[in-house]
Amino acid sequence: MLAMCVAEARPAVLTVSAMRFLTGVVLALPVTAVAPEPLKVLQGTAAWVLSIFAIYLFNGVTDVAGDRVNGSARPIARGALDPGSALFVAGVAAVLSLAATLDLPGPMTLIVGANLVLGYLYSGPPVPLKGSSGGTVAVLVLSGLLSYLGGFTLAAGGQAVGTPVGLLVFAAASIYWMTLVGVPAKDLSDCEGDAAAGRRTVVVTRGERACRWFMSVAASVLVVALFAAVVVLGVELVWVVVATAAGAVAVVGAGRVRLGGGTRREQRRPYRAFMATQHLVHITALISGI
């Protein structure tokens, strides 16, 4: 059952969530007096990923109707994982995520706890924020900030240090990518289920053409803005710009393919390009920082 819960929570999402936290640690190192203990870094990463695991598993429980309309092959939607069991595992994971922060810097408990609250507000009653693109964006912005703040907090040992400009630029670019590129990319492939669930996403309210156009323009603008920030501020993120540019090309190319009809795999091309770029950019940042 645990393996199916992991599948429901999406291993790709859990992996990039760990990389976000670790990137927060690595890009904070230039302004920290002492490098954090490796075991503490692993513990903090585990706490963060457990909170994301709980959130996505809970989302799968609440999203089952829409997932089935969309033809999702995830365990709950296809009937291989009981929603009640998944909900129990999500609750245990949430408790463990908080417990794992108890001997870390004090703010870590608040950061992980705030992330769990956001996860509930996103999917839970009475008014799930995922019901609109605006609500989804708000949650992603705050959760993204918390992921990098968590890594920074762990690296700094909970103490006030200098300003990590590289981390600020990277976090801003990553959150922009998640919200202004990732949200429309996901909405494109989930349009039928979102409409059936009464959600007011961009593609439901504005249509596929407008959603694809917005996603493509947003990806292109990010590359230019990130390059300008790297040049003006002198941060060492040149290879991150290259990786982001490659991802933008992939997303724009995938977005040019008309998504109406076709298989679910074809419909998810923009989202897969978006997700692959997240992994590539964070791996690049981690290697550059180390």
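Preceding this paragraph is the structure being described.
These lines cover the structure that appears in this document, whether it is placed above or below.

Here is what the cut-offs are and how they apply
Residues numbered from 1 in each chain as written. Predicted model: local features only at pLDDT ≥ 70, side-chain atom pairs only at ≥ 80, totals over all residues. Heavy atoms only, no water. Helix = DSSP H or I, 4+ residues; strand = E, 2+ residues; numbered from the N terminus. Buried < 20%, exposed > 50% of the residue type's maximum accessible area, 1.4 Å probe, protein only. Contact = heavy atoms within 4.5 Å. Areas by Shrake-Rupley, 256 points an atom, 1.4 Å probe, with all protein chains shown as cover. Phe/Tyr/Trp six-rings, centres within 6.5 Å; stacked < 30°, edge-to-face > 60°. Salt bridge = Lys/Arg side-chain N within 4 Å of Asp/Glu carboxyl O. Axes fitted to C-alpha atoms, helices over the stretch in contact; angles between N-to-C directions. Left-handed = near helix turned anticlockwise from the far one by under 90°. Nonpolar A, V, L, I, M, F, W, Y, C, P; charged D, E, K, R; others polar. Patch = residues over 30% accessible without salt bridge, like charges linked within 9 Å, V, L, I, M, F, W, Y side chains within 5 Å. Parallel < 35°, antiparallel > 145°, perpendicular 65-115°, else oblique. Polar contact = N/O pair within 3.5 Å; in protein donor to acceptor, adjacent residues only side chain to side chain.

### With respect to the overall build of the chain
Here's step 1: Each helix and strand counted, the chain has 14 helices and zero strands in total.
Here's step 2: Secondary structure elements of the chain, listed N to C terminal, follow the sequence α-α-α-α-α-α-α-α-α-α-α-α-α-α.
Here's step 3: Across the 290 residues in the chain, those meeting the buried criterion constitute 51%.
Here's step 4: Contacts in the chain between residues far apart in sequence, at least 24 positions, make up 76% of those at least 6 positions apart.
Here's step 5: As displayed, the chain has an accessible area near 13,000 Å², and 70% of this comes from carbon and sulfur atoms.

### Digging into unusual backbone geometry
Here's step 1: Between P125 and P126 the backbone carries a cis peptide bond, its omega angle lying at 10°.
Here's step 2: With respect to the helices, strands and loops of the structure, P126 is situated in the loop between helix 6 (107-123) and helix 7 (133-156).
Here's step 3: One non-glycine residue with positive phi stands out, namely R10, at about 70°.
Here's step 4: Following the sequence through the fold, R10 ends up in the loop between helix 1 (2-9) and helix 2 (11-26).
Here's step 5: On the accessibility criterion, R10 (13% relative accessible area) is buried.

### Re the packing of aromatic side chains
Here's step 1: Under the defined criterion, the tally for this structure stands at four aromatic pairs.
Here's step 2: Between F58 and Y120 the ring centres are 5.7 Å apart and the planes differ by 15°, which places this aromatic pair in the stacked class. Here Y120 lies in helix 6 and F58 lies in helix 3 (residues 38-62), a separation of 62 residues in the sequence.
Here's step 3: When its relative accessible area of 16% is taken as the criterion, F58 is described as buried.
Here's step 4: The partly exposed category is assigned to Y120, whose relative accessible area is 39%.

### So, the pattern of salt bridges
Here's step 1: Enumeration according to the criterion identifies three salt bridges in this entry.
Here's step 2: A salt bridge links D103 to K40; the shortest N-O distance between them is 3.1 Å. A residue pair is termed long-range when its members are at least 10 positions apart, and D103 in the loop between helix 5 (83-99) and helix 6 and K40 in helix 3 qualify at 63 residues.
Here's step 3: On the basis of relative accessibility, which here comes to 24%, the residue K40 falls in the partly exposed class.

### Some thoughts on the environment of Y122
Here's step 1: Along the chain, Y122 falls in helix 6.
Here's step 2: Other than its neighbours up to four places away in sequence, Y122 contacts N59, P128, L129, K130, T136 and V139.

### With respect to the packing of helix 2 against helix 3
Here's step 1: Contact geometry of helix 2 with helix 3 gives a least axis separation of 9 Å together with a crossing angle of 145°. Two packed elements cross with a definite hand, and for helix 2 against helix 3 that hand is right-handed. Within the contact between the two elements, helix 2 uses V13, L14, S17, A18, F21, L22 and V25 and helix 3 uses V41, G44, T45, W48, V49, I52, F53 and Y56.
Here's step 2: When its residues are assigned to classes, the contact of helix 2 with helix 3 shows twelve nonpolar, three polar and no charged.

### Thoughts on a nonpolar patch on the surface
Here's step 1: Taken together, the side chains of V165, F227, V231, V232 and L233 make up a nonpolar region of the molecular surface, amounting to roughly 500 Å² of accessible area.
Here's step 2: The leading source of residues in the nonpolar patch is helix 11 (residues 208-233), at four residues.
Here's step 3: Topologically, V165 is positioned in helix 8 (residues 165-189).
Here's step 4: Residue classification places V165 among the partly exposed residues on the basis of a relative accessible area of 36%.

### Concerning the packing of helix 2 against helix 7
Here's step 1: At their nearest, the axes of helix 2 and helix 7 sit 7 Å apart, and the two run at 40° to each other. The angle between the axes of helix 2 and helix 7 places the two elements in the oblique class. Crossing angle aside, the handedness with which helix 2 passes helix 7 is right-handed. Along its contact with helix 2, which presents R20, F21, T23, G24 and V25, the element helix 7 presents S147, Y148, G150, G151, F152, L154 and A155.
Here's step 2: When its residues are assigned to classes, the contact of helix 2 with helix 7 shows six nonpolar, five polar and one charged.

### Focus: the side chain of S123
Here's step 1: The topology assignment puts S123 in helix 6.
Here's step 2: A distance of 2.9 Å separates the side chain of S123 from the side chain of N59, its partner in a polar contact.
Here's step 3: Among all residues touching S123, those that are not within four sequence positions of it are F58, N59, T62, P128 and K130.

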